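Structural overview for review
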Amino acid sequence: MHHQPDQLRDRRRAVRRGAGGRERAAVSRTSPGADHPWAFKLGGQGRAPPPAPAPPEQRNDIRAAAVTGTTVTLGRVWDAANQRPGATENTVAQNAMSPQHLRVPKGTRVTFVNPQDNASAHAAVSFFEYEFDTGLLMPGQSFTHTFDTPGEYFYNDAIFPQNTGKIVVF
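How each quantity is defined
- Residues numbered from 1 in each chain as written.
- Predicted model: local features only at pLDDT ≥ 70, side-chain atom pairs only at ≥ 80, totals over all residues.
- Heavy atoms only, no water.
- Pairing = 2+ DSSP bridges.
- Helix = DSSP H or I, 4+ residues; strand = E, 2+ residues; numbered from the N terminus.
- Buried < 20%, exposed > 50% of the residue type's maximum accessible area, 1.4 Å probe, protein only.
- Contact = heavy atoms within 4.5 Å.
- Core = buried A, V, L, I, M, F, W, Y, C linked by side-chain atoms within 4.5 Å.
- Salt bridge = Lys/Arg side-chain N within 4 Å of Asp/Glu carboxyl O.
- pLDDT = per-residue confidence, 0-100.
- Polar contact = N/O pair within 3.5 Å; in protein donor to acceptor, adjacent residues only side chain to side chain.

Moving on to the sheet that holds strand β11 (residues 124–126). Strand order in the open sheet made by the five strands is β4-β9-β14-β13-β11, with mixed pairing throughout. Since the sheet does not close on itself, it has two edges, and those belong to β4 (67–68) and β11, each with one partner. One ladder, built from three bridges, connects β11 with strand β13 (residues 151–157); its direction is antiparallel. For V125, the partnering residue across the bridge sits in β13 and is N156.

Okay, the environment of P139 next. Residue position: P139 is located in the loop between β11 and β12 (142–147). Classification of P139 as partly exposed rests on a relative accessible area of 24%. Residues P139 and Q116, 23 residues apart in the sequence, show an inter-C-alpha distance of 4.6 Å. Aside from chain neighbours lying at most four places away, what touches P139 is N114, P115, Q116, N118, A119, S120 and A121.

Judged by nonpolar contacts, the single largest core of 15 residues is most densely connected at V72, V110, F112, Y155 and I167. Looking at this core, the elements with two or more residues in it are β5 (71–74), β9 (101–104), β10 (108–113), β13 and β14 (164–169).

Moving on, we come to the pattern of salt bridges. One pass over the structure, following the stated rule, counts two salt bridges. Salt-bridge contacts for R76 lead to D117; the nearest nitrogen and oxygen are separated by 2.6 Å. Placement of R76 in the loop between β5 and β6 (78–79) and of D117 in the loop between β10 and β11 is noted, with a sequence separation of 41 residues between them. Where K166 meets E152, a salt bridge forms, and the shortest distance between an N and an O atom there is 3.4 Å. Taken as a pair, K166 in strand β14 and E152 in strand β13 lie far apart in primary sequence, 14 residues in all.

Attention now moves to unusual backbone geometry. Following S98, the chain continues into P99 via a peptide bond in cis, with omega recorded as -5 degrees. Among the secondary structure elements, P99 is positioned in the loop between β8 (97–98) and β9. One non-glycine residue, Q83, lies in the positive phi region at around 55 degrees. Structurally, Q83 can be placed in the loop between β6 and β7 (84–85). The phi angle at Y130 is positive, at roughly 55 degrees, despite the residue not being glycine. Among the secondary structure elements, Y130 is positioned in the loop between β11 and β12.

Below, the discussion takes up the confidence of the model for the protein. On average, the protein scores 82 in pLDDT, and the residues at 70 or more come to 69%. Note that residues 24–28 has pLDDT below 50 and, in this model, eight contacts with residues that lie over four places away or in other chains.

It is worth spelling out the side chain of N156 at this point. With respect to the helices and strands, the residue N156 is situated in strand β13. Using a relative accessible area of 17% as the deciding quantity, one classes N156 as buried. In this structure the side chain of N156 is engaged in a polar contact, spanning 3.3 Å, whose partner is the backbone oxygen of P161. The residues contacting N156, other than those within four sequence positions of it, are M97, A123, A124, V125, F127, P161, N163 and T164.

What follows concerns the sheet that holds β8. Spatial strand order, β8-β5-β10-β12: four strands in an open sheet with mixed pairing. Each edge of the open sheet is held by one strand with a lone partner, namely β8 and β12. Where β10 and β12 come together, six bridges link them in antiparallel fashion. The residue of β12 that forms the bridge with R109 is T146.

See the structure below:
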């Protein structure tokens with residue numbers, strides 16, 4: 001569709017185009033459905049875009065105390081008093097990884113377990129470094145990964161993504 005530029009009072013040229021709606025606009029009586037006119041200045045200089053906002057913090061740290069060990073139990077809240085996973089499945093708590101903060105030496109094999117008595121499938125996926133992905137673990141299944149590189153590995157449950165955890169390899 002071709003539109004002729006209109007001459008403006010100060011001799012600049014612009015194109016006005018009706019867009020959308022059901023009413024005819026005063027801008028374009030021949031264009032049905034043009035009750036939302038748009039105007040574009042030809043050859044004009046647009047405004048500079050606003051500066052980009054500062055990027056958000058990428059990592060919201062896990063505040064739970066570090067625990068040493070080689071097993072992460074999925075869908076369970078850590079029982080700090082007894083230093084073991086809770087007795088029942090929890091699919092809504094942010095800290096439903098037991099332990100939520102695991103600390104292991106380089107070369108450690110960590111096993112992610114979905115307990116047999118859980119009702120739901122779970123999965124653990126590292127989301128910054130893409131270090132591991134357990135895949136879908138049905139109740140009673142497990143997955144083992146060897147951590148060979150020191151660092152912090154944040155992960156969440158792919159089925160219940162609010163459940164998060166961190167493994168620190170030293």
